[in-house]
Amino acid sequence: MSAIRLAIKRISPKQLFMGSALLVNGGNYLYNLLLGRLLGPEAFADAALLVTLLLVLSFIGMTFQLATTKFAVLFSGETWVAFKNTMYRYALVFGVFTGILVLVFSKNLQALFNTKNHYMFMIFAVAIPLYFVMSVNRGRFQGKHDFGKLAGTYQTEMWSRLLLTFALLVLVPFEPGILIAVGIAVSFIFGLFPSDFKGVQLLSKSKLALVDLRQVWIFIGLTAGYELTQIIINNSDILLVKHYFNDKDAGLYSSLALIGRVVYFVAWMFVMLLMPTVIQKQKDGEATAPVLFKYVFFIGGLSTFIVFVCFLFPNLIITLMFGDAYLSIAHLLWKYALATSLFAVSNIFAYYFLSLNQYSPVILSGLLGFSQVALIMLYHENLETVVHMQIIAMVILLVAQLLFFIIKNKKDLSALKKQNNLV
């Protein structure tokens, strides 16, 4: 027992979070795989749409989380207290507004995405404010390097959604889309724990100084812009396929996307560690590029391995994860994994630049994100064409990010040499 305790003590908070993130990603994958097997390709299309909407929500929530993370590092004392109350207030107001919009347009969403009912959108809408409050909680933990509590919120959300959703599907004879929406909504409540709301005052009279508020709004605006590009790049293909293709093809494509995105979800784990580390090093006047290189090396190596495995064993992977009903999509697996891998690596660069208040790559990502949508809208003869359009867009995005990094570093080195010569 003493050896086990000693081993546990040696685990750093970052290592604990990494292990927890792997477990959460595994649980989320299990959730989707079981849905695919239980429902079949056609019914899985509606379930995958809800999961995609959850991903869209998570990207919007990341705006609140990353802003809270950044200023949890930079602010302290009364400024931090005023900022914290402000972020909870923003999250709640925006969440209620977004939820009302989804409620009002639930029938329009049903028509747009060819779902069996609109009630699943209504249930989803009611829970949206909780998700944004949860995102602010996570940003507090991330910025303060409290990775134990940060891991805990992801664990409670994932396990409650997994267990409750399948309990409902097995025990309640009702429309699957509605039951899945209920499971997702309730998981947001569990995701609020662990947390500490002591000292949070939504109607507090303490305000941020104008210069600090301006800094916060600039970061929120630019982060929101980048997260919008994330939503477009990472989810537009599924939504467009659901619109242009029949339910069976949409379900097949959703299974392909789920397997191919394993790289992206692992990359997200590294982003959670990258941002506070880079911000702190910049604050302390230390070099930040080595942190970027380390995470690019990790994600690049993992991506190469996954694409290689998908190329060699596509039928085996599809059969094991979803079953024989999905085998017709197997030949596209490695191509989709390649597109996602390119996006995951470019994403590491983008969040690195965002941490350093360098926003040109954010604008660049937005332009290329919309170009991906345009390419798919123009060329969607079959599912293979859709995947090819994504590979083209992601190659251009990664090359552009690399060129920006090289040019920016050359300029910084040149400026440093001039400064040294003057001294």
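Residues numbered from 1 in each chain as written. Predicted model: local features only at pLDDT ≥ 70, side-chain atom pairs only at ≥ 80, totals over all residues. Heavy atoms only, no water.

## Quick word on the overall build of the protein chain
Thinking step 1. The number of helices and strands found in the protein chain is 15 helices and 0 strands.
Thinking step 2. Compactness check: the protein chain gives a C-alpha radius of gyration of 22 Å against a globular reference of 22 Å for 423 residues, within 12% of the reference.
Thinking step 3. If you line up the protein chain on its principal axes, its C-alpha atoms span 70 × 55 × 45 Å.
Thinking step 4. Here the protein chain, with 423 residues, has 54% of them falling under the buried criterion.
Thinking step 5. Here the contacts in the protein chain between residues at least 6 apart in sequence split such that 82% fall between residues at least 24 apart.
Thinking step 6. With the model as given, the accessible surface of the protein chain reaches about 18900 Å², and the carbon-plus-sulfur share is 71%. (Helix = DSSP H or I, 4+ residues; strand = E, 2+ residues; numbered from the N terminus. Rg over C-alpha atoms; globule rule 2.2 N^0.38 Å. Buried < 20%, exposed > 50% of the residue type's maximum accessible area, 1.4 Å probe, protein only. Contact = heavy atoms within 4.5 Å. Areas by Shrake-Rupley, 256 points an atom, 1.4 Å probe, with all protein chains shown as cover.)

## With respect to the nonpolar core
The nonpolar side chains of a soluble globular protein tend to be buried, and buried together.
Thinking step 1. Judged by nonpolar contacts, the single largest core of 146 residues is most densely connected at F17, L35, Y253, I348 and Y352.
Thinking step 2. Sorting elements by how many residues they give to this core places helix α2 (residues 13–74) first, with 28 residues. (Core = buried A, V, L, I, M, F, W, Y, C linked by side-chain atoms within 4.5 Å.)

## Structural notes on the packing of α2 against helix α5 (residues 119–143)
Thinking step 1. Relative to each other, α2 and α5 sit at 30°, their axes nearing to 7 Å. For the element pair α2 / α5, the angle class is roughly parallel. Judged by the sense of rotation from one axis to the other, the crossing of α2 with α5 is right-handed.
Thinking step 2. For the contact of α2 with α5, the per-class residue count stands at 17 nonpolar, 9 polar and 3 charged. (Axes fitted to C-alpha atoms, helices over the stretch in contact; angles between N-to-C directions. Parallel < 35°, antiparallel > 145°, perpendicular 65-115°, else oblique. Left-handed = near helix turned anticlockwise from the far one by under 90°. Nonpolar A, V, L, I, M, F, W, Y, C, P; charged D, E, K, R; others polar.)

## A short note on the side chain of Q401
Thinking step 1. Within the secondary structure layout, Q401 lies in helix α15 (residues 383–422).
Thinking step 2. Apart from residues no more than four positions distant in its own chain, Q401 is found in contact with S346, F349, A350, F353, P361, L364 and S365.

## Thoughts on the environment of F44
Thinking step 1. Examined against the element boundaries, F44 turns out to sit in helix α2.
Thinking step 2. Classification of F44 by relative accessible area gives buried; the value is 1%.
Thinking step 3. Residues F44 and E78, 34 residues apart in the sequence, show an inter-C-alpha distance of 49 Å.
Thinking step 4. With residues up to four places along the chain from it excluded, the contact list for F44 reads N32, L35, G36, L39, G251, S254, S255, F322 and Y326.

## Re the pattern of salt bridges
Thinking step 1. Enumeration according to the criterion identifies 4 salt bridges in this entry.
Thinking step 2. When the shortest N-O distance is used, the salt bridge between E157 and R138 registers 2.6 Å. Placement of the pair is E157 in helix α6 (residues 147–171) and R138 in helix α5, with a sequence separation of 19 residues. The residues E157 and R138 share a single accessibility class, namely buried.
Thinking step 3. Here the residues in one salt-bridge network are R138, E157 and R161, joined through shared partners. (Salt bridge = Lys/Arg side-chain N within 4 Å of Asp/Glu carboxyl O.)

## A short note on unusual backbone geometry
Thinking step 1. In this structure, the amide linkage connecting F193 to the following residue, P194, adopts the cis form with an omega of 0°.
Thinking step 2. If you check the backbone angles, N114 has positive phi at about 55° while not being a glycine.
Thinking step 3. Its place among the elements puts N114 in the loop between α4 (106–113) and α5.
Thinking step 4. Its identity as a non-glycine residue notwithstanding, H145 has a phi of 60°, on the positive side.
Thinking step 5. Take H145: it is sitting in the loop between α5 and α6.

## Structural notes on the packing of aromatic side chains
Thinking step 1. For the structure shown, the criterion picks out 23 aromatic pairs.
Thinking step 2. Here the aromatic rings of F71 and F75 are separated by 5.0 Å at their centres, their planes lie at 25°, and the arrangement is stacked. An identical accessibility class is assigned to F71 and F75; each is buried.
Thinking step 3. Put simply, the rings of F293, F349, Y352, F353, F404 and F405 pair up and form one aromatic cluster.
Thinking step 4. The side chain of K144 reaches across the aromatic face of W80, ending 4.7 Å from its centre.
Thinking step 5. Lying across the ring of Y31, R161 places its NZ or CZ 5.9 Å from the centre. (Phe/Tyr/Trp six-rings, centres within 6.5 Å; stacked < 30°, edge-to-face > 60°. Lys NZ or Arg CZ within 6 Å of the ring centre and 35° of its normal.)

## Let's talk about helix α13 (residues 333–355)
Thinking step 1. Here α13 is 23 residues long and its end C-alpha atoms lie 33 Å apart, about the 33 Å a rise of 1.5 Å per residue gives.
Thinking step 2. Downstream of α13 by a residue or two, N357 has a phi angle that is positive, lying close to 60°. (Expected span 1.5 Å × (residues − 1).)

## Things to note about a nonpolar patch on the surface
Thinking step 1. A cluster of nonpolar residues, L92, F94, V96, F97, I100, L101, L103, V104, F105, V126, L202 and L203, forms a patch on the protein surface that exposes about 1100 Å² of accessible area.
Thinking step 2. The biggest single contributor to the nonpolar patch is helix α3 (residues 77–104), with 8 residues.
Thinking step 3. Relative to the elements of secondary structure, F105 occurs in the loop between α3 and α4.
Thinking step 4. With relative accessibility at 42%, the residue F105 sits in the partly exposed group. (Patch = residues over 30% accessible without salt bridge, like charges linked within 9 Å, V, L, I, M, F, W, Y side chains within 5 Å.)

## Notes on the environment of L354
Thinking step 1. Inspection of the secondary structure assignment puts L354 in helix α13.
Thinking step 2. As a C-alpha pair, L354 and V278 span 76 residues in sequence and 10.0 Å in three-dimensional space.
Thinking step 3. Contact partners of L354, with chain neighbours within four places excluded, come to F219, T223, Y359 and V362.

## Here we look at the packing of helix α10 (residues 262–283) against α13
Thinking step 1. Direction vectors running N to C along α10 and α13 enclose 15°, while the axes themselves pass 9 Å from each other. When the interaxial angle is binned, α10 and α13 end up roughly parallel. Helix-helix and strand crossings are classified by hand; for α10 and α13 the assignment is right-handed. Side by side, α10 and α13 meet where V263, Y264, A267, F270, V271, L274, M275, V278, I279 and Q282 of the first sit next to T340, S341, F343, A344, N347, I348, Y351, Y352 and S355 of the second.
Thinking step 2. Looking at side-chain class alone, the contact of α10 with α13 contains 14 nonpolar, 5 polar and no charged residues.

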